[in-house]
Amino acid sequence: MKTLLVYCSSHGTTEKAVNVLCEHLEGEVLAVDLKRDKVFFDLQDFEGVIIGGSIHAGEIQLKIKNFIKKHHDELIEKELGLFLCCMNDGEVAMEQFNHAFPHDLRKNSIAMGLFGGEFLVSKMNFLERQIVKKVVGITAEQSKLDIPAIMEFAMRYNSVKVPV
């Protein structure tokens, strides 16, 4: 299966997750960071699409929201995977996931995942550091990236075989 993996990575955590994910996905994968990469692609060229991002101030990145809005009808027809990197877990993480991705896309997804997250204080700007310090009390690097969850997502996504 040929898969387009679109994501946004603000400080590098989602990119780390994407790198692990790409190592475990079968078939051809084109990974595109919507914030950084200037790559032209046509969704018609892909049987599958994986969309991922991270939570900042309670929201997924605007470029991810805009991508979903622009391509919504096409995405419904694809083998779809959705993932989120966030520091919360449990019910709060599920609420953030549900808020980030429309219900109909979640319902039609073949794989969904919560990949944990990181506070990379050294990569944050001054304002971000102040907010994280005040809201969460974090002043040093912290990682809760969930590699087993990423591998489980890849296994579920790989289990759906679409002829090329």
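Scroll up to find the structure this text is about.
About the criteria used
- Residues numbered from 1 in each chain as written.
- Predicted model: local features only at pLDDT ≥ 70, side-chain atom pairs only at ≥ 80, totals over all residues.
- Heavy atoms only, no water.
- Phe/Tyr/Trp six-rings, centres within 6.5 Å; stacked < 30°, edge-to-face > 60°.
- Helix = DSSP H or I, 4+ residues; strand = E, 2+ residues; numbered from the N terminus.
- Buried < 20%, exposed > 50% of the residue type's maximum accessible area, 1.4 Å probe, protein only.
- Lys NZ or Arg CZ within 6 Å of the ring centre and 35° of its normal.
- Pairing = 2+ DSSP bridges.
- Expected span 1.5 Å × (residues − 1).
- Arc of directions from axis to C-beta.
- Axes fitted to C-alpha atoms, helices over the stretch in contact; angles between N-to-C directions.
- Parallel < 35°, antiparallel > 145°, perpendicular 65-115°, else oblique.
- Left-handed = near helix turned anticlockwise from the far one by under 90°.
- Contact = heavy atoms within 4.5 Å.
- Salt bridge = Lys/Arg side-chain N within 4 Å of Asp/Glu carboxyl O.

Caption draft 1: How the structure looks around the packing of aromatic side chains. Using the criterion set out here, one finds six aromatic pairs in the structure. Note on Phe 83 and Phe 153: the rings are 6.2 Å apart at their centroids and 75 degrees apart in plane angle, and the pair reads as edge-to-face. You can see Phe 83 sitting in strand 5 (residues 79-85) and its partner Phe 153 sitting in helix 6 (residues 147-158), a full 70 residues away along the chain. Side by side, Phe 83 and Phe 153 carry an identical accessibility label, which is buried. Through a chain of ring-to-ring contacts, three or more aromatic side chains come together here, namely Phe 83, Phe 115, Phe 153 and Tyr 157. Across from the ring centre of Phe 46, 5.2 Å away, lies the NZ or CZ of Lys 2, which sits over that ring.

Caption draft 2: Spotlight on the pairing of strand 5. For strand 5, a buried count of six out of seven residues is recorded, marking the element as mostly surrounded by other parts of the structure. Summarising the sheet, strand 3 (residues 48-56) and strand 5 pair through seven bridges and their orientation is parallel. Among the inter-strand pairings, Ile 50 is bridged to a residue of strand 5, identified as Gly 81. Pairing geometry for strand 5 and strand 6 (residues 109-114), over five bridges, is parallel. When the sheet's bridge partners are listed, Leu 82 is paired in strand 6 with Met 112.

Caption draft 3: Representation of helix 1 (residues 13-24) in the model. For helix 1, which comprises twelve residues, the first-to-last C-alpha distance of 17 Å matches the rise-based estimate of 16 Å (1.5 Å per residue) to within 8%. The set of residues buried in helix 1 consists of Thr 13, Thr 14, Ala 17, Val 18, Val 20 and Leu 21. One side of helix 1 carries all its buried residues, which in axial view fall inside an arc of 165 degrees.

Caption draft 4: The arrangement of the packing of helix 1 against helix 6 in detail. Orientation of helix 1 relative to helix 6, taken along the N-to-C sense of each, is 40 degrees, at an axis distance of 9 Å. On the basis of the axis angle, helix 1 is oblique to helix 6. Here helix 1 and helix 6 pass one another in a crossing that is right-handed. Contacts between helix 1 and helix 6 involve Ala 17, Val 20, Leu 21 and His 24 from the former and Ile 147, Ile 150, Met 151, Phe 153, Ala 154 and Asn 158 from the latter.

Caption draft 5: Focus on the pattern of salt bridges. Considering all chains together, one arrives at six salt bridges under this definition. Residues Arg 36 and Asp 37 are paired through a salt bridge, measuring 3.3 Å at the closest nitrogen-oxygen approach. In this structure Asp 37 comes out as partly exposed when scored by relative accessible area, which is 22%. Measuring nitrogen to oxygen at the nearest pair gives 2.7 Å for the salt bridge that ties Arg 156 to Glu 152. Here Arg 156 pairs with Glu 152, and both are found in helix 6, just four residues apart, close to one helical turn. Through salt bridges with shared partners, one network takes in Glu 15, Asp 33, Arg 36 and Asp 37.

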